[in-house]
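# Analysis of the macromolecular model
Here are the chains, one letter per residue:
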Amino acid sequence: MDPKAPAKDGPPPLAPTEPEAPPTVTEAPAIGRYVFRRWIGTGGMGVVIAAYDPELDRQVAIKLVLANSDEARARLMREAQAMARLSQPNVVTVYEVIWSGERAGIVMELVDGEDLASWQRTARPGWREVVDAYVQAARGLAAAHRAGLVHRDFKPSNALRDREGVVRVTDFGLVRSGPADANSEAADADAAAEAPASFTSTLTRTGSIVGTPAYMAPEQHMRGTVDARTDQWALACSLYEALYGQRPFVGDNRQALAAAVVRGVPRPEPSDSEVPRRLRAVLRRALAPRPEDRFANMEALIAALSPPRRASRIAAGVAGLLMAAALVTGVVIARHRSTCQGLDGPLTTFWTAARKAAVRARFAAVGAGLPPALADQVIGRIDAYGADWLAARTNACVDGQKGLESRELLDSRMRCLDQRLAELSVVVDGLTEAGPATLRSAGDAVEKLHLVADCQDPRDAVPRPASATARASIVEAENGLARAWALQALEQFERALPLAQKAVAVGERTGFAPLLARALVLRGECEDRKHEYAAAQATYERAASAAADAKDDAGVVEALARGSLVVGNHMGRPAEALASRRFVDLALQRAGQPPRVRAMWHHILAILLYTQEHYDEALASERDAVETWRKIVPPRHVYLVDSLETEGNIEVARGEVAKADALLEEVLAARIASRGPDDPGVSDALTNLGTLEGSRGNLPAALAYLERATASARNAGVPSYLASYNLGLAQLDAGRWQAAVGTLESARATVEREAPGNSVYAGEVEIWLGAAHLALGELDEAHRLIEHGLATARAAASGALVEPLALSARAALARHDLATAKSRLAEIGKRSDGEVSLTLLANAELTRKEHGCREARPRYERALSLVKKDGGPMVKSAATVGLAECLVELGRRADAAALLEPHVAWLNEVGAEPAARAAAKLALARATAR
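Residues numbered from 1 in each chain as written. Predicted model: local features only at pLDDT ≥ 70, side-chain atom pairs only at ≥ 80, totals over all residues. Heavy atoms only, no water.

### As for the packing of aromatic side chains
Under the definition given, this model contains 6 aromatic pairs. Positioned above the aromatic ring of Phe295 is the side chain of Arg285, whose terminal nitrogen or guanidinium carbon lies 4.1 Å from the ring centre. The ring of Trp906 has Lys876 lying over it, and the distance from NZ or CZ to the ring centre is 3.8 Å. (Phe/Tyr/Trp six-rings, centres within 6.5 Å; stacked < 30°, edge-to-face > 60°. Lys NZ or Arg CZ within 6 Å of the ring centre and 35° of its normal.)

Here you go:
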């Protein structure tokens, strides 16, 4: 709730979504004869786009090299030549090499699917499906080996799985013909610039060691001979990670990782894994540190990974029996297909044509302030969610009919799907009778629902109770929790809270930690949004302990992160919140850095760091979140937009105005498009743009944005502390002192409702409200407010004390208390915050009282020079008038008049009140008096 900080919306629900890579080069309508369609992704030295070939009427993928150099072009040509030598179903087909100016590109088949890393994250396949996928990738690598090629950079993101389940190996950018020794590796180092990457990086690293550190075989780390067995090791490492959810070798840094890999002792596999022991033995052999101890070739590894077959005891002449068996199999499969059709009954009972019409009618009835296309957007999202649900239910049915899943796992999948449908039905019911606020957030509510993809493999890490009664209670509570989640997505926290509390009670009674952890997180979210911050903090602490009992590291991260947001951002104690950072980072590492959890935590961390004015570190954290969100959510998803807003605010604080402007305009457009002009989120976006314009020195534009922001929040029925507070600061700057008192009083009332009791935010409002009274000459009230606000900031361990101390010094000077003024300025001098204009103004005023204008003048001038940088409220007028008075006293009337005339004109332009203009006009009159 920092006035210039990101909006304080809670973190997103932890649900994976479809990846989408951001563009990294300027989009072009055509490349040669190929018509640009969309960005697919980036990696290594190139970008990949989807395009259309009008001559052959086909969709293609084009990999364009980014670097305009001979080395980059040579590498791309080598990749194209290597892939062109391969014609195998499990290798992406290359069509041709093209040129766009001096940049080369490979045109290849467009695979309609996703890479194995994304597929594993979103589909959560069973171990059999995982093995099948990597066996297909192994066949592609085997084909490359038969052609005399070594991939050298195989990893999950370099294999694509299409909608039919066919896997193709791609990205042969580091391919070598035959074995490569240390000299050839060094040649690559000479031919490519070293690209920085951490030891966990999944980007291709070029330079002294070629490959991706996390998937590099021992011989690559040691710069030894690289051959086909190197690819075997990389495939086994990737498969190990996919099966067990962890990599076989880890280290705290690049050197530690390399040492672990060379030592060759993999981490123990999880004891509760369903992966057969025979596969564990296969992987350990393929991961042997010495190449000669691995399988002889990729075909041998494929054979070892394939399911064992029973030897036939019947002579080959029984063709009739084999034909009969084939017919029976066909009948059984046909029966499976027929019995798994028409499973949409539960969905169509509530999502009917009549219900769609009712939702559309509700949007039309409310109408005012809602985007015209919002009803279509929301209905489209519900349709898409329903289609995902039906597909998942059908797949679960087919898997069950074929015996691919255990009865217990199938029951878990169906239970999970029932809960997803319950969430959707609550949202639909809520929309048919919703008011404007709910309808504005309807699109976001659908996006906040847990993803259907979570139901692919919803295993509990700890067993459910043996008691049938306890199990039934847990299922009932889980269903209630699903409804509660949908209600909180609709921002109906009063209705969600009792359901969450009931689930908490069941979790406590049955001792089932996974339910208890999830229920506590939702209860904490409801308490947080109801401004019951102390209760929310305690609830999240309990949720973290329950998640640890449930062996759910991602749940631990969520609970700790949300609790940090409450303490640091909502309760105004960021230093206290940051003290727990190392525990959240540790839990995230234990969880394996799942993208959605990582993005949530880095977004929250950025907010906390911003509040403490650690701007560079905050920016790095938020950019990490943005980069992750762009890969796993659609372009205007609510959580991506929230992170973009935070990034923009941080750039404002860093003085990167152009970057901030682009980000915040994008946020505003997205919010208005999805929610209409009157909405708290739109108010926040307008507030941030107003703050940006203020930092540019464009005060009229800042005031216009901030007045729109307060009106947007007021019209939505949710007064905004952020908008009122920043508008009050701008009014102080503009000499609208009486107006600022009213605006800041409103901000104080709002923040006291949202954060009752002492907090850094209430203290900040009091400090600047005191500044407004100081400007009006109401010295006793100014002193009381500023000192109380300063004490509150100290108690909250706020890192932003320089301006409060400077205001305290100015108030003391106005009351002729030079001892207090000196004490405050001396305290500022001991801090490392650097100079600010308000401090220099206070110093100038003290110097003038003690030593006169000759010594005070340079301090006034320095204060004015810094106003352009830090935009200190009220400094411009006070420093201008003070400097002009000194110039008159020093006999430089003409200089004083030249300073004051444009200032008086500016005060008129920004609508300064008569009291604010009076001091400047009086000084101008003295400067021009004959």
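### So, helix H19 (residues 513–529)
One turn of an α-helix holds 3.6 residues; hence residues three or four places apart share an orientation. Compared with the 24 Å implied by 1.5 Å per residue over 17 residues, the 24 Å span of H19 between its first and last C-alpha is a close match. Taking burial as the measure, the 17 residues of H19 include 15 buried ones, the bulk of the element. Just downstream of H19, His531 is the residue with a positive phi angle, here 70°. (Helix = DSSP H or I, 4+ residues; strand = E, 2+ residues; numbered from the N terminus. Expected span 1.5 Å × (residues − 1). Buried < 20%, exposed > 50% of the residue type's maximum accessible area, 1.4 Å probe, protein only.)

### Remarks on unusual backbone geometry
For His531, which is not glycine, the phi torsion reads 70° and is therefore positive. Note on placement: His531 falls in the loop between H19 and helix H20 (533–549). Its identity is not glycine, yet Gln593 carries a phi of approximately 55°, on the positive side. The residue Gln593 is located in the loop between helix H23 (581–590) and helix H24 (595–611) in this model.

### What about helix H33 (residues 779–795)?
Relative to the 24 Å expected for 17 residues at 1.5 Å per residue, H33 spans 24 Å between its end C-alpha atoms, a close match to the ideal helical length. Within the span of H33, buried status applies to Ala782, Leu785, Ile786, Glu787, Gly789, Leu790, Thr792 and Ala793.

### Considering the sheet that holds strand S10 (residues 167–169)
As summarised here, the arrangement of the 3 strands in space is S7-S9-S10, forming an open sheet in which the pairing is antiparallel. With one partner strand each, in any of the chains shown, strand S7 (113–115) and S10 form the two edges of the open sheet. Put simply, the sheet's adjacent strands are angled 25° from each other on average, direction ignored. Of the strand pairs in this sheet, strand S9 (residues 159–162) and S10 are connected by 3 bridges, and their pairing is antiparallel. Within S10, the position partnered with Ala159 by the bridge is Val169. Across the face of the sheet, helix H2 (residues 116–123) comes into contact with S7, S9 and S10 while running at roughly 105° to S7. (Pairing = 2+ DSSP bridges. Axes fitted to C-alpha atoms, helices over the stretch in contact; angles between N-to-C directions. Contact = heavy atoms within 4.5 Å.)

### A few points about the state of the cysteines
Taken as a whole, this structure holds 2 disulfides when the rule is applied. Residue pairing for Cys416: its cysteine sulfur links by disulfide to Cys455, the two sulfurs lying 2.0 Å apart. Note on the Cys416 and Cys455 pair: the S-S dihedral is about -70°, so by sign convention the disulfide is left-handed. Of this pair, Cys416 sits in helix H14 (residues 407–432) while Cys455 sits in the loop between helix H16 (442–448) and helix H17 (468–489), and the two are 39 residues apart along the sequence. With relative accessibility at 2%, the residue Cys455 sits in the buried group. In this model, Cys853 is linked to Cys886 through a disulfide, with the two sulfur atoms separated by 2.2 Å. Judged by the torsion about the S-S bond (-70°), the Cys853/Cys886 disulfide is left-handed. Taken together, the residues span a long stretch of sequence, with Cys853 in helix H37 (residues 853–870) and Cys886 in helix H38 (residues 875–889) at a distance of 33 residues. As far as burial versus exposure is concerned, Cys853 and Cys886 are alike and both buried. (Disulfide = S-S within 2.5 Å.)

### A short note on the confidence of the model for the protein
Atom-level detail of predicted coordinates should not be read off regions where pLDDT is low. Model confidence for the protein is summarised by a mean pLDDT of 82, while 84% of its residues fall at 70 or above. In the model, residues 180–210 has pLDDT below 50 throughout and makes 79 contacts with residues more than four positions away in sequence or in other chains. Counted against residues more than four places away or in other chains, residues 309–338, with its pLDDT under 50, gives 2 contacts. (pLDDT = per-residue confidence, 0-100.)

### A word on the packing of helix H36 (residues 837–851) against H38
Taken N-terminus to C-terminus, the directions of H36 and H38 make an angle of 30°; their axes are 10 Å apart at the nearest point. Classed by the angle they form, the pair H36 and H38 counts as roughly parallel. Here H36 and H38 pass one another in a crossing that is left-handed. On H38, the residues that touch Ser837, Leu838, Leu841 and Arg848 of H36 are Val875, Ala878, Ala879, Gly882, Glu885 and Cys886. (Parallel < 35°, antiparallel > 145°, perpendicular 65-115°, else oblique. Left-handed = near helix turned anticlockwise from the far one by under 90°.)

### Side note on the nonpolar core
If you look at the biggest cluster of nonpolar residues, it comprises 91 residues, and the most contacted ones within it are Trp351, Phe363, Ile382, Leu431, Leu515, Val557 and Trp601. Looking at which element gives the most residues to this core, the answer is H24, with 10 residues. Setting aside residues no more than four positions away along its own chain, Leu431 makes contact with Val359, Arg362, Val378, Ile382, Thr438, Leu439, Ala442 and Leu490. Membership of the second largest hydrophobic core comes to 80 residues, among which are Ala806, Ala842, Val875 and Ala912. (Core = buried A, V, L, I, M, F, W, Y, C linked by side-chain atoms within 4.5 Å.)

### Considerations on the environment of Val262
Here Val262 shows up in helix H7 (residues 254–263). Residue Val262 is classed as partly exposed on the basis of its relative accessible area of 33%. Sequence spacing of Val262 and Glu219 is 43 residues, and the spatial spacing of their C-alpha atoms is 8.0 Å. Setting aside residues up to four positions removed in sequence, Val262 forms contacts with Pro218, Met222 and Pro289.

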